[in-house]
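Below, each chain spelled out in residue letters.
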Amino acid sequence: MPSDVSPITHDVLVLQHTLEDNPGYLGQWLDARQARWQVFCAEAGQAYPASVAPYRALAVLGGEWGANDDRPSLRHVEALIREADALGVPVIGHCLGGQLIARAFGARVARLPQPEVGWLPIAVRDTPAARDWLGDARLPTVYQWHYDSFVELPAGAELLAGSPACAHQAFALGRHLAMQFHIEITPQKIRTWLGDPGPVYPDAVGRHPDTVQSPEVMLAATDRHQAGSEALAEVIYATWRRRWRI
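Chemist: Account for the packing of helix α1 (residues 25-32) against helix α7 (residues 215-241), with residues named and values stated.
Modeler: Orientation of α1 relative to α7, taken along the N-to-C sense of each, is 60°, at an axis distance of 11 Å. Regarding the angle of α1 to α7, the classification is oblique. Helix-helix and strand crossings are classified by hand; for α1 and α7 the assignment is right-handed. Where α1 approaches α7, its residues Y25, L26, W29 and L30 are matched on the opposing element by E230, A233, E234, Y237, A238, W240 and R241. Here the contact of α1 with α7 is composed, by residue class, of eight nonpolar, no polar and three charged.

Chemist: Explain the layout of surface pockets to me, and be specific about the residues and the numbers.
Modeler: Considering only enclosed or pocket space, the largest pocket measures out at about 540 Å³ in volume. Considering the residues around the largest pocket, the lining is formed by 23 residues, among which G63, E64, W65, W145 and Y147 are closest to the centre. Elements supplying a minimum of two residues to the lining of the largest pocket: α3 (96-104), β7 (141-150) and α5 (187-195). Among the elements that line the lining of the largest pocket, the one with the most residues is β7, at four residues. Partitioning the lining of the largest pocket into residue classes produces 10 nonpolar, seven polar and six charged.

Chemist: Before we move on, can you summarise α1 with the specific residues and values?
Modeler: Here α1 has its buried residues at Y25, L26, G27, W29 and L30. Here the buried face of α1 lies against β1 (10-16), β2 (37-41), β3 (55-60), β4 (91-94) and α7. Looking one or two residues past α1, Q34 carries a phi angle of roughly 55°, positive in sign.

Chemist: Hey, could you go over unusual backbone geometry for me, with residue numbers and the actual values?
Modeler: Backbone geometry at Q34 places phi at a positive 55°, although glycine is not the residue there. With respect to the helices, strands and loops of the structure, Q34 is situated in the loop between α1 and β2. With a relative accessible area of 70%, Q34 lands in the exposed category. Of note, C95 is a non-glycine position whose phi angle comes to about 55°, a positive value. The residue C95 is located in the loop between β4 and α3 in this model.

Conventions we followed
Residues numbered from 1 in each chain as written. Predicted model: local features only at pLDDT ≥ 70, side-chain atom pairs only at ≥ 80, totals over all residues. Heavy atoms only, no water. Axes fitted to C-alpha atoms, helices over the stretch in contact; angles between N-to-C directions. Helix = DSSP H or I, 4+ residues; strand = E, 2+ residues; numbered from the N terminus. Parallel < 35°, antiparallel > 145°, perpendicular 65-115°, else oblique. Left-handed = near helix turned anticlockwise from the far one by under 90°. Contact = heavy atoms within 4.5 Å. Nonpolar A, V, L, I, M, F, W, Y, C, P; charged D, E, K, R; others polar. 1 Å grid on protein atoms, 1.4 Å probe; cavity = no way out; pocket = protein on both sides within 12 Å on 5 of 7 lines; lining within 4 Å. Points joined across faces, edges and corners; volume = space filled by probe spheres on them. Buried < 20%, exposed > 50% of the residue type's maximum accessible area, 1.4 Å probe, protein only.

What follows is the structure, given as structure tokens:
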């Protein structure tokens with residue numbers, strides 16, 4: 001890959017895995033700040049860049065694929081994450097993106113006994129790093145849609161938040177942040193996902209009613225919690241932005 005002497009031409013590289021998991025609120029946030037950003041979608045047939053050297057920051061989105069799937073694009077993302085670390089480019093990972101950060105630095109991703117789908121609280125630790133990244137709320141409600149998680153933390157990572165069903169909801173590693181939840185969520189994304197939720201979701205609603213919400217419950221909760229999610233996203237993305245490479 002090119003060295004860090006390559007000129008910086010954009011602020012942010014956004015890596016999108018699947019068509020239905022677009023940048024959402026992250027894109028709105030970047031546009032509001034007139035950031036120069038590019039998004040590449042693997043499922044749309046767009047090859048990811050060979051290097052992160054032309055960018056100040058890297059964002060990795062979620063998607064229905066598993067982090068352990070045998071897909072060249074996923075391994076490419078992990079290589080770009082490691083290159084970003086070497087170049088001082090801060091990485092933020094959403095759901096699958098957070099799992100790929102964990103894998104890139106040697107931690108394990110696996111199926112959880114209990115999935116989380118819908119608006120659910122997480123417990124934020126009372127530490128300087130957790131307050132810096134996630135703000136002062138100790139039990140914010142965030143949007144989840146995952147069956148797997150990073151069940152280990154990479155060496156040197158600090159756990160920031162967890163939940164009863166998912167012990168590792170967020171960790172910081174150097175200038176990077178890995179999240180298991182979807183802070184980029186928008187009501188439109190939720191409606192799109194519910195329109196084609198995949199074969200696992202209907203059974204999960206019946207088997208895990210305490211952590212997997214029905215469409216009706218989820219949509220009603222969106223009206224209550226979307227504003228709070230966007231407020232938390234402002235905190236998270238602003239903290240990430242302060243780490244962008246100069």
